[in-house]
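In case you want the letters, here they are:
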Amino acid sequence: AIGAPAAWTLGDAEDVIVAVIDSAIDMTHPDLVDALLPGYDFCADNINCHAFDDDPHSGTKDAEHGTHIAGIIAAAHNNDHGTVGIAPGARILPVKVFPEGNDLGDTYTISLAVRWAAGLPVEGAPTNPNPAHVINLSLGGDADNITLADAISEAINAGAVVVAATGNDHKPVVSFPARMESVIGVGALNHAWGRAAFSNYGAGLDIMAPGHYILASKPGGAVWYMDGTSMATPHVAAAAALLLAHEPTLKPADVKELLMQAAYLPTGASASQFGAGVLRID
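Residues numbered from 1 in each chain as written. Predicted model: local features only at pLDDT ≥ 70, side-chain atom pairs only at ≥ 80, totals over all residues. Heavy atoms only, no water.

Chemist: Even after reading the chapter, I still don't get helix 5 (residues 229-246), so can you show me in this structure?
Modeler: Since one α-helical turn is 3.6 residues long, residues separated by three or four positions face the same way. Between its terminal C-alpha atoms helix 5 stretches 26 Å, which fits the 26 Å expected from 18 residues at 1.5 Å a residue. Among the 18 residues in helix 5, 16 count as buried, and that is most of the element. (Helix = DSSP H or I, 4+ residues; strand = E, 2+ residues; numbered from the N terminus. Expected span 1.5 Å × (residues − 1). Buried < 20%, exposed > 50% of the residue type's maximum accessible area, 1.4 Å probe, protein only.)

See the structure below:
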C-alpha cells in the first residue's frame with residue numbers, strides 16, 4: 001500500500017538506527033535477532049519505573065506491543081519466516097519504558113528514554129553508544145508535557161527524526177507528542193483506504209499509514225495481527241530510515257517535509273482527516 005519494495009532496490013538501511021521506545025521486545029525472535037542492538041530499561045522495577053538497568057528484556061513477559069512494532073520496522077527478509085519489515089536491515093535500539101502488564105508509562109520516564117536514545121546524557125544511565133537516527137513513539141496522551149517536549153526537542157536538535165502516534169480515541173484531537181510541530185504525527189489507514197475509525201485526526205496529523213489488521217512479529221517467534229496508530233507509526237519511522245539510508249545528511253525537518261511531499265491524498269480525502277495523505281515510499 002505504501003510502495004516499500006520500490007525502495008529496497010536502492011539498498012537496505014543497515015547503517016540506520018531506529019529506537020523503539022515502548023514495552024520490552026522479544027530479542028530471540030528469528031525475524032529480529034540480527035537487527036537488535038543493546039538497549040536499556042528505564043522501568044527495570046516493573047512497578048513505578050524508579051530503577052534502570054541495561055537489559056530491557058530480562059524477566060519481562062509483556063513484550064507484544066514492542067515486538068510487533070520492531071517487526072513492522074525491521075523484520076528480516078528472505079528468511080522463510082514470518083513477515084518482512086518496511087526497512088529490513090535497519091538496526092533496532094530497544095528502550096523499555098513500560099512496567100510489565102501496563103502500557104501507561106509516565107512522561108518523565110519516556111523523556112529520559114528519548115534523551116538516552118538520541119545519545120544525550122541521562123543521570124544514572126550510561127551513555128548510549130548507538131544514538132538513534134529515528135525515534136519511534138507509538139504512545140501518547142491528552143495533555144502536553146514540557147519535560148517530554150523539551151527532551152524531544154533536544155533529540156531532534158541532536159539529529160533524530162521523531163515519529164509519534166496520533167492516538168486511538170476516535171476523536172478530532174491529536175495526542176501529544178504527535179501534535180508537536182517538529183514531530184511527525186501518524187494516523188492509521190484502514191483496508192479501504194479510509195481513516196481507521198479509531199484514528200485521531202485534526203491539527204498535528206501529518207501523514208497516514210496502514211494501521212488496521214497489521215501482520216507482524218509476536219513474542220515466541222510467531223506473527224499476529226494488531227490494530228492501532230501504534231502500528232501505523234513504525235511504517236513511517238521505517239520510511240524515514242530508508243530515506244536516511246539513501247540521503248544520510250538530511251535533517252529531521254527535511255525528512256518530515258520530504259515524506260509529506262511524497263504522500264498521496266486520495267480523491268475526496270481532507271487534510272484534517274489525512275494530513276498530507278498516505279505515506280508513499282516509492
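Chemist: Help me understand the pairing of strand 4 (residues 134-137), please; the structure alone is not making it clear to me.
Modeler: Both faces of the sheet carry side chains from a regular strand, because those side chains alternate between them. Neither face of strand 4 is left uncovered, since the one carrying Val-134 and Asn-136 and the one carrying Ile-135 and Leu-137 both have all their residues buried. The pairing of strand 1 (residues 17-22) with strand 4 spans three bridges and is parallel. The partner of Ala-19 across the bridge, within strand 4, is Ile-135. The pairing of strand 4 with strand 5 (residues 161-165) spans four bridges and is parallel. Its bridge partner being in strand 5, Asn-136 is matched across the sheet by Val-163. Traced from strand 4 through helix 4 (residues 146-157) to strand 5, the parallel crossover comes out right-handed. (Pairing = 2+ DSSP bridges. Right-handed = clockwise from strand over helix to strand, strands pointing away.)

Chemist: Can you walk me through the nonpolar core in this structure?
Modeler: Proteins that are soluble and globular tend to have nonpolar side chains buried together. Counting residues in hydrophobic clusters, the biggest one holds 93 residues, and the most contacted among them are Ile-92, Val-114, Ile-135, Leu-137 and Leu-259. When residues of this core are assigned to their parent elements, the largest contribution, 11 residues, is made by helix 5. (Core = buried A, V, L, I, M, F, W, Y, C linked by side-chain atoms within 4.5 Å.)

Chemist: In this structure, what is going on with the side chain of Asn-128? I would like to understand it.
Modeler: Structurally, the position occupied by Asn-128 is in the loop between helix 3 (107-117) and strand 4. Polar contacts involving the side chain of Asn-128 include one to the main-chain carbonyl oxygen of Trp-116, which spans 3.2 Å. With sequence-adjacent residues up to four places away left out, Asn-128 is seen in contact with Leu-93, Trp-116, Ala-117 and Gly-119. (Polar contact = N/O pair within 3.5 Å; in protein donor to acceptor, adjacent residues only side chain to side chain. Contact = heavy atoms within 4.5 Å.)

Chemist: Just checking my understanding: could you explain helix 3 for this structure?
Modeler: Burial analysis of helix 3 places nine of its 11 residues in the buried class, which makes it a mostly covered element. Within the span of helix 3, buried status applies to Thr-109, Ile-110, Ser-111, Leu-112, Ala-113, Val-114, Arg-115, Trp-116 and Ala-117. Residues of helix 3 that are buried make contact with strand 1, strand 2 (40-41), strand 3 (91-96), strand 4 and helix 4. A side-chain oxygen of the first residue of helix 3 lies 3.2 Å from the backbone nitrogen of Tyr-108; this N-cap is Asp-106. Within two residues after helix 3, Gly-119 carries a phi angle of roughly 90°, on the positive side.

Chemist: Whenever I open this one, the packing of helix 3 against helix 4 confuses me. Can you help?
Modeler: Helix packing geometry: the angle between the two helix axes and the distance between the axes. Where helix 3 meets helix 4, the closest approach of the two axes is 8 Å, and the angle between their N-to-C directions is 10°. The pairing of helix 3 with helix 4 is recorded here as roughly parallel in orientation. Residues Thr-107, Tyr-108, Ile-110, Ser-111, Val-114 and Arg-115 of helix 3 touch helix 4, and the partners they reach there are Thr-147, Leu-148, Ala-151, Ile-152, Glu-154 and Ala-155. Of the residues assigned to the contact of helix 3 with helix 4, the class counts are seven nonpolar, three polar and two charged. (Axes fitted to C-alpha atoms, helices over the stretch in contact; angles between N-to-C directions. Parallel < 35°, antiparallel > 145°, perpendicular 65-115°, else oblique. Nonpolar A, V, L, I, M, F, W, Y, C, P; charged D, E, K, R; others polar.)

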